[in-house]
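# Structural description and commentary
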Amino acid sequence: MNRAQKNLVEGIVTFLVGLALKLFAGGVEIPVVTLPKAGVVLMVIGGVLVVAGLFQAARGAGVPEN
């Protein structure tokens, strides 16, 4: 798996975990942060990783040289 594919997969998984927190963890209370807000942060990070992976795939930067 090259770097671009790795960033795409990690970004999609991170985005989905953030989305799940945003949608389903509203009733859970922890003292430090609220889980829906942490979900939004994870969704942003996942989106950045997906964009980076798409950019790397378009540039061909993820292809290892042999």
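Structure report, in brief. Quantities reported herein were computed from a predicted structural model and do not represent experimental measurements. (Residues numbered from 1 in each chain as written. Predicted model: local features only at pLDDT ≥ 70, side-chain atom pairs only at ≥ 80, totals over all residues. Heavy atoms only, no water.)

### Digging into the packing of helix α1 (residues 3–24) against helix α2 (residues 35–59)
Cut-off, in case you're wondering: The axes used here are C-alpha line fits, helices contributing only the stretch in contact, and every angle between their N-to-C directions lies in the interval 0 to 180 degrees. Secondary structure follows DSSP: runs of H or I at least 4 residues long count as helices, runs of E at least 2 residues long count as strands, and numbering of each begins at the N terminus. Roughly parallel refers to an angle under 35 degrees, roughly antiparallel to one over 145, roughly perpendicular to one between 65 and 115, and oblique to any angle outside these ranges. A crossing counts as left-handed when the near helix is turned anticlockwise from the far one by less than a right angle, and as right-handed when that turn is clockwise. In this count, Pro and Cys sit with the nonpolar residues alongside Ala, Val, Leu, Ile, Met, Phe, Trp and Tyr, while Asp, Glu, Lys and Arg are called charged and the others, Gly among them, polar.
Their axes nearest at 7 Å, the elements α1 and α2 cross at an angle of 160 degrees. Here α2 runs roughly antiparallel to α1, going by the angle between their axes. Remark: the crossing between α1 and α2 carries left-handed chirality. A breakdown of the residues in the contact of α1 with α2 according to their chemical character gives 18 nonpolar, eight polar and three charged.

### Description of a nonpolar patch on the surface
Going by this rule: Like charges within 9 Å and nonpolar side chains (Val, Leu, Ile, Met, Phe, Trp, Tyr) within 5 Å are joined into patches, using only residues over 30% in relative accessible area that form no salt bridge. Method for areas: the Shrake-Rupley scheme with a 1.4 Å probe, in which residue coverage is limited to the protein chains shown. Salt bridges, as used here, are contacts in which a Lys or Arg side-chain nitrogen is within 4 Å of a carboxyl oxygen on Asp or Glu. Here the term buried applies to any residue with accessible area under 20% of the maximum for its type, exposed to any over 50%, and partly exposed to those in between, with areas from a 1.4 Å probe on protein chains only.
Among the surface-exposed residues, Met1, Val9, Val13 and Val17 lie close enough to one another that they form a single nonpolar patch of about 400 Å² accessible area. Looking at where valine 9 falls in the secondary structure, it is placed in helix α1. A residue is classified by how much of its surface remains accessible, and valine 9, at 43% relative accessible area, is partly exposed.

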